[in-house]
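Spelled out, the chains give:
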Amino acid sequence: MSESGTTNLIEMRGIEKHFGRVVALNGVDLEVREGEIMGLLGDNGSGKSTLIKTLVGVHQPDAGEVFIRGEQVHISNPKEARKYGISTVYQDLALVDTLSVSANMFLARNPMKRYAGISVVDWETMNEQAEEIIRSRLNLEIDPTARVEFLSGGERQAVAIARSLVTDPDLVIMDEPTSALSADSARRVRDLIQTLNDEGITVLLITHNMDEVFALTDRVTILDSGDLVGTVDTDRVTKEDIVQMMVSGEMPASIQDTTGDTEAHA
Amino acid sequence: MSIRDRDWADVLDRTSGESTKWLLWGLDNMIWPIVIVTFAVFAVLMPEVFTSASNIQFMLYSSAGLGALVLAESLCLLSGNFDLSIGSIAGFSAMVTALFLNTWFPSTPGLVGVVLVLAIGGAIGFVNGVSIGYFGINPFLQTLAFFIIFRGAVFLLSTITVAPLPESYLFIGGALVGDLPLIGEAGSIWLIDSIPIAVLLIVGLYAATWFVMNYRRIGLAIMAVGGDENAAEEAGIPRERVLLIVFTTSGVLSGLAGLLYTGYLSAAPPGLAEGDLFPAFAGAVIGGISLTGGRGDIENAFGGMFLLTMIQVGLVQVGVGGDAIQFINGLVLLLAIYLYTTEAKIRHRLLST
């Protein structure tokens, strides 16, 4: 586990989101500190995905504020989120099976070069940069020219993670990255997330998996039916504490809620 | 543990294993050995077919119009769609332009006709693209409706063949390289002189499309939309605009097919390109363009088109009646489908062992 910073990279305050009469988020706060791995935990329908989609601009909040490094921002779409240094690895990975690894990593963002006065896709640079990210940064052996359909489940996840690095983000959000994988592949993906974090990338990890929470995260924020239950330091709680928080939707008196702590320090 | 989720070590062997890579490459491009073998069989068994220059010329001529339609259908298939209206667009745009030049405004220069025939095709394709891309109309229903509407419209416009037409309008579809002013005067060798201009144009178009599909942003976007619509959209590719471009291009190419057929026939018959829809599909599929989108290469579609024309022309030349052509087309298509299904199985086995 890495040393957690004390400044907030992301701060969401009082986020509300309604879909018709359904309240998806009811005034939720979320803080992600620079350099940490923050877990986001909750049952189906707890609002984790909605919160993430609100952060990256897929949804617009009905109320609430978002700050990046202390500055208030309005992110209106995922492309804008990438400009703010936020990349997302979706649960369905969003890979095109019939294209190569490098084509997927640079989908809609192909490096171009001039050739005889025409702007053409620079495959050479694309494959080199893909190779650089995969081999040097993630320490993996995947041929960037191989078609994605030829890869295993773990490798596909790795390619999706590699793609999130193309825009050189400060924060990578991962939505259930290991839920569809075998135990062995899941372990490798977890190593990958740790590698990412060791490089100084902040990670927001949505997960169901309790082992993953304790193996990776510095802190964890728990949601329940659109309400914030609380944020706790992972090494100060037990599995049972977290389960209890998820089930009851309340903070046990014995545990310190660290939501808002960072602000107080600053 | 699923088949997709094996140990990484053996995946590493597979993805970097040279022999497997070459084998897959061979399977992807198997149309070419088939083209060569078919050619050899014809050349040996029926030498008269491919030894006569006029036969070859006839083959090239008849492949030009169909070639444009195979290209149109290939683009639609690669984008994960298909276009049933290509033959009808070719017939309609050719007929309207022919009437324009022959009956409505008789002294119009032929070049205006060239622009008109492509513009009509493009405009119809544009409407297809708006309906399918932006309004989400099912491509089968949209293009089926246009297939029927524009074929019917041709017969409303004229039930007889429209001729004569200006020489300059017929030039692209009917002239030979030797007819070009500069080359003709230079008195170049007969072989090049007797190649139809339409054929050079089609070869050039396939080359240009190959380039676009592999090296231009829009080409990669088409392959991405065809491969996985949702993934492409999540990456920020504007699916609607891509489909609009694909169907408009398909329309322009169909208009071009109308122009080439008209030039070759020196007239615009109401039945122009009438039976060409399924041969166009067949050419694309025989060339390995997948019906499910995102998979296939333009150069192989060219091979598929070439194979289909070669078989057709070869059979006509040795006296198999024109009536049998549809039947033979169907057989070739069926064979191709079996072949590609087998290929998919071989590929799967290669990847899972």
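Residues numbered from 1 in each chain as written. Chains lettered and ligands numbered in written order. Predicted model: local features only at pLDDT ≥ 70, side-chain atom pairs only at ≥ 80, totals over all residues. Heavy atoms only, no water.

Undergrad: Please clarify how the overall build of chain B should be interpreted in this entry.
TA: Helix and strand content of chain B: 18 helices and 0 strands. Per-residue burial for chain B yields a buried fraction of 51% across its 353 residues. Taking the contacts inside chain B whose residues are at least 6 apart along the sequence as the reference set, 77% of them involve residues at least 24 apart. (Helix = DSSP H or I, 4+ residues; strand = E, 2+ residues; numbered from the N terminus. Buried < 20%, exposed > 50% of the residue type's maximum accessible area, 1.4 Å probe, protein only. Contact = heavy atoms within 4.5 Å.)

Undergrad: Looking at this model, I keep getting lost on the pairing of strand 12 (residues 227-233) of chain A. Mind explaining?
TA: The two faces of a sheet get side chains in turn, since along a regular strand they alternate between them. All names here are of chain A. Taking burial as the measure, the 7 residues of strand 12 include 5 buried ones, the bulk of the element. With 6 bridges joining them, strand 11 (residues 219-224) and strand 12 adopt antiparallel strand pairing. Looking at the pairing, Arg219 lines up with Asp233 of strand 12. Connecting strand 11 to the antiparallel partner strand 12 that follows it, the hairpin turn spans 2 residues, and Ser225 within it adopts a positive phi of roughly 45 degrees. (Pairing = 2+ DSSP bridges.)

Undergrad: Where do I start with the nonpolar core in this structure?
TA: Across soluble globular proteins, nonpolar side chains have a tendency to be buried as a group. One finds A:Met105 and A:Met174 to be the most contacted residues of the largest nonpolar core, which totals 128 residues. Of the residues forming this core, the biggest block, 12 residues, is contributed by helix 5 (residues 53-78) of chain B. Not counting residues within four places of it along the chain, the set of residues in contact with A:Met174 comprises A:Val89, A:Ile161, A:Ile193, A:Leu196, A:Val203, A:Leu204, A:Leu205 and A:Ile206. Ranked by size, the runner-up nonpolar core spans 25 residues in total, among them A:Ile15, A:Ile75, A:Leu204 and A:Leu223. (Core = buried A, V, L, I, M, F, W, Y, C linked by side-chain atoms within 4.5 Å.)

Undergrad: Help me out: how do you make sense of unusual backbone geometry in this one?
TA: Keep in mind that most residues, glycine aside, have a negative phi and that most peptide bonds are trans. All names here are of chain B. For the bond running from Ala163 to Pro164, omega is 0 degrees, close enough to zero to count as cis. Along the chain, the position of Pro164 falls in the loop between helix 8 (139-157) and helix 9 (167-174). In this structure, Ser266 takes a positive phi of about 60 degrees despite not being glycine. Position of Ser266 relative to the elements: it lies in the loop between helix 15 (239-265) and helix 16 (277-286). Residue class for Ser266 comes out partly exposed when judged on its relative accessible area of 39%.

Undergrad: It is not clear to me how the packing of aromatic side chains should be interpreted in this structure. Could you clarify?
TA: Centre distance and the angle of the planes are the two values used to describe a pair of aromatic rings. Residue and element names in this part refer to chain B. Scanning all chains against the criterion turns up 9 aromatic pairs over all chains. Note on Phe211 and Tyr215: the rings are 5.8 Å apart at their centroids and 25 degrees apart in plane angle, and the pair reads as stacked. Note that Phe211 and Tyr215 are positioned in helix 12 (residues 197-215) at a spacing of 4 residues, about one turn of the helix. For Phe211, a relative accessible area of 23% puts it in the partly exposed group. With a centroid separation of 6.4 Å and 25 degrees between ring planes, the pair formed by Phe278 and Phe281 is classed as stacked. (Phe/Tyr/Trp six-rings, centres within 6.5 Å; stacked < 30°, edge-to-face > 60°.)

Undergrad: How should I be thinking about the interface of chain B and chain A in this particular structure?
TA: Interface size is often expressed as the accessible area that is lost when the parts come together. The interface of chain B with chain A comprises 33 residues on the first partner and 38 residues on the second. Interface area for chain B against chain A, summed over the two sides, is near 3100 Å², with a carbon-plus-sulfur share of 56%. Between the two partners, chain B and chain A, sit 1 salt bridge. With a shortest N-O distance of 2.9 Å, B:Arg295 and A:Glu149 are connected by a salt bridge. Counting the contacts that link chain B with chain A gives 6 residue pairs in polar contact (both at pLDDT 80 or more). (Buried area = accessible area lost by both parts, 1.4 Å probe. Salt bridge = Lys/Arg side-chain N within 4 Å of Asp/Glu carboxyl O. Polar contact = N/O pair within 3.5 Å; in protein donor to acceptor, adjacent residues only side chain to side chain.)

Undergrad: Explain the packing of helix 16 of chain B against helix 17 (residues 298-317) of chain B here, please?
TA: Two measures define how a pair of helices packs: the angle their axes make with one another and the distance between the axes. All names here are of chain B. Their axes nearest at 6 Å, the elements helix 16 and helix 17 cross at an angle of 125 degrees. Viewed along their axes, helix 16 and helix 17 adopt a mutual orientation that is oblique. Here helix 16 runs over helix 17; the crossing is right-handed. Listed contacts from helix 17 to Pro279, Ala282, Gly283 and Ile286 of helix 16 are Ala301, Gly304, Met305, Leu307 and Leu308. Per-class residue counts for the contact of helix 16 with helix 17 are 7 nonpolar, 2 polar and no charged. (Axes fitted to C-alpha atoms, helices over the stretch in contact; angles between N-to-C directions. Parallel < 35°, antiparallel > 145°, perpendicular 65-115°, else oblique. Left-handed = near helix turned anticlockwise from the far one by under 90°. Nonpolar A, V, L, I, M, F, W, Y, C, P; charged D, E, K, R; others polar.)

Undergrad: What should I look at first to understand the UniProt feature "domain: ABC transporter" (unreviewed entry) in chain A in this one?
TA: As recorded in UniProt, the feature "domain: ABC transporter" (unreviewed entry) lies at residues 10-250 of chain A. Structurally, residues 10-250 of chain A is divided into 33% helix and 29% strand, and its ends, taken at the C-alpha atoms, are 24 Å apart. (UniProt positions renumbered as here; feature names shortened; annotations may be inferred.)

Undergrad: I'm lost on helix 15 of chain B in this one. Help?
TA: What sets the pattern is the α-helix's 3.6 residues per turn: residues three or four places apart point alike. Residue and element names in this part refer to chain B. With 27 residues, helix 15 extends 39 Å between its outermost C-alpha atoms, agreeing within 8% with the 39 Å of an ideal straight helix rising 1.5 Å per residue. The element helix 15 is extensively covered by neighbouring structure, given that 20 of its 27 residues are classed as buried. Downstream of helix 15 by a residue or two, Ser266 has a phi angle that is positive, lying close to 60 degrees. (Expected span 1.5 Å × (residues − 1).)

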